[in-house]
Amino acid sequence: MLTTQQKVLRRFWYAVIPVEDLKEGPKAFTLLGEDIVLFLGPDGKPAALKDRCCHRTAKLSKGWCKEGHIVCGYHGWEYDQTGKLAHVPQFPVQQEVPNLSTPAFHCQEKYGYVWVALDEPLAPIFDVAEDTDASFRRIPQFYEVWNTSALRLMENSFDNAHFAFVHKGTFGQLDQPLPEKYEIKETDYGFEAETLITVANPPIQYKISGTDAPTTKRHMRNKWYMPFCRRLDIEYPSGLRHIILNSATPIDDGHIMVVQWLYRNDTEADCPAQLLIDWDFKITREDKDIIESTDFDTPIDMGRRAEAHMVSDKPGMIMRKRLMDLLQKHGESEVFRAA
Ligand code: FES
Ligand code: CO
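Residues numbered from 1 in each chain as written. Chains lettered and ligands numbered in written order. Predicted model: local features only at pLDDT ≥ 70, side-chain atom pairs only at ≥ 80, totals over all residues. Heavy atoms only, no water.

(A) A look at unusual backbone geometry. Of note, the amide linkage connecting methionine 226 to proline 227 takes the cis form, showing an omega dihedral of -5°. Looking at the secondary structure, you find proline 227 in the loop between β14 (215-225) and β15 (229-235). Although it is not a glycine, glutamate 67 sits at a positive phi angle of roughly 45°. Here glutamate 67 lies in the loop between β5 (64-66) and β6 (69-71). Residue class for glutamate 67 comes out exposed when judged on its relative accessible area of 72%. A positive phi angle, near 55°, is found at tyrosine 111, a position not held by glycine. Assignment of secondary structure puts tyrosine 111 in the loop between β9 (104-110) and β10 (113-117). (Helix = DSSP H or I, 4+ residues; strand = E, 2+ residues; numbered from the N terminus. Buried < 20%, exposed > 50% of the residue type's maximum accessible area, 1.4 Å probe, protein only.)

This is the structure we're talking about:
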């Protein structure tokens, strides 16, 4: 599936940038192949516009912000947060500003990030109850480009067969290749998937897992939010929770912005945020290296028979089917790269 070619994917919310980054001024982003500019409006709320001035097409992201407007860096035309042209500095004061605008996209702040939907959203952004629960702290972890497709990362998140191999240097056990089964319950937004796995617990992980035993169990109650967000909810035997949220935001067909943040029900004194970031970074390097070696064009039409499967691929197979159903419901067929 080529994400930029499937129009219905424009109707979902994606995390595009940490809201903090917009305090420095407007920022460019490419979402599903669409060039957008993000900036803070007069009320401090984020706005997303097409990154193109209607005068001579310059990228608005090369400009700056002035009292909640974005100023084009070429000749200074100003736009408000709805994309409407608000001021033309070359016009005498009595001359009316022409009724012109650059398209605006759905935009809001949530969980410390700016979220954008290019077309009318089919559903709200998923809820994370822990975000307003005082016993949890929120830790932003990564914001980085991976050379792969969003579906590859989603499938990898629910693939219990890769730990022993990809993560043999961290928590995987190479001599335990048999994957644990997932209990999957499909929902309107995607699915819930529960599993209990045993993982290696090297000393560096003692503070993260809350135990110094050589192995530990992870009770995982994960969620897939169609199409490209997931919740990885790990509970250790001590009751310690490690809840990773991701938006695999599609930049184009072969690149994603991996946005990852974490919730923990312990304190900075129990386990410093930097240790959690460093540990999860090490693990994601292992995933990134292998996923970037796969073909980014992930087939969702089972009739294509482009890949071989095994039982532990079931969560990914459900994703493929649900995405195929979504396309069909919206009158689309899968667009893929010619072999
Ligand atoms: Fe933007 Fe001229 S191109 S003001
Ligand atoms: Co992994």
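Now, onward.
(B) Quick look at the UniProt feature "domain: Rieske" (unreviewed entry) in the chain. Per the UniProt record, "domain: Rieske" (unreviewed entry) is found at residues 13-116. Helix makes up 0% of residues 13-116 and strand 42%, with an end-to-end C-alpha separation of 5 Å. (UniProt positions renumbered as here; feature names shortened; annotations may be inferred.)

(C) Representation of the pairing of strand β1 (residues 14-18) in the model. Among the 5 residues in β1, 5 count as buried, and that is most of the element. Two strands pair when backbone bridges link them, and β1 and β10 are joined in this way by 4 bridges, in the antiparallel orientation. Residue pairing across strands places isoleucine 17 opposite valine 114, the latter belonging to β10. (Pairing = 2+ DSSP bridges.)

(D) Inspection of the sheet that holds β1 at higher detail. An order of β1-β10-β9-β4-β3-β2 is seen for the 6 strands of this open sheet, with the pairing classed as antiparallel. Here the strands that pair on one side only, and so sit at the sheet edges, are β1 and β2 (27-31). Strand-to-strand twist across the sheet, computed as the mean angle between neighbouring axes with direction ignored, equals 35°. Relative to β10, β9 runs antiparallel, the two sharing 5 bridges. (Axes fitted to C-alpha atoms, helices over the stretch in contact; angles between N-to-C directions.)

(E) Just the nonpolar core, in detail. If you look at the biggest cluster of nonpolar residues, it comprises 83 residues, and the most contacted ones within it are Leu38, Val114, Trp115, Val116, Phe126, Phe228 and Trp261. For this core, the domains that each give at least three residues are domain 1 (3-117) and domain 2 (129-328). When residues no more than four places from it in sequence are discounted, the contact partners of valine 116 are Phe12, Trp13, Tyr14, Val16, Leu31, Ile36, Leu38, Ala48, Phe105, His106 and Cys107. Within the second largest apolar cluster, 13 residues are counted, among which are Leu49, Cys72, Trp77 and Val88. (Core = buried A, V, L, I, M, F, W, Y, C linked by side-chain atoms within 4.5 Å. Domains from an automatic or database assignment. Contact = heavy atoms within 4.5 Å.)

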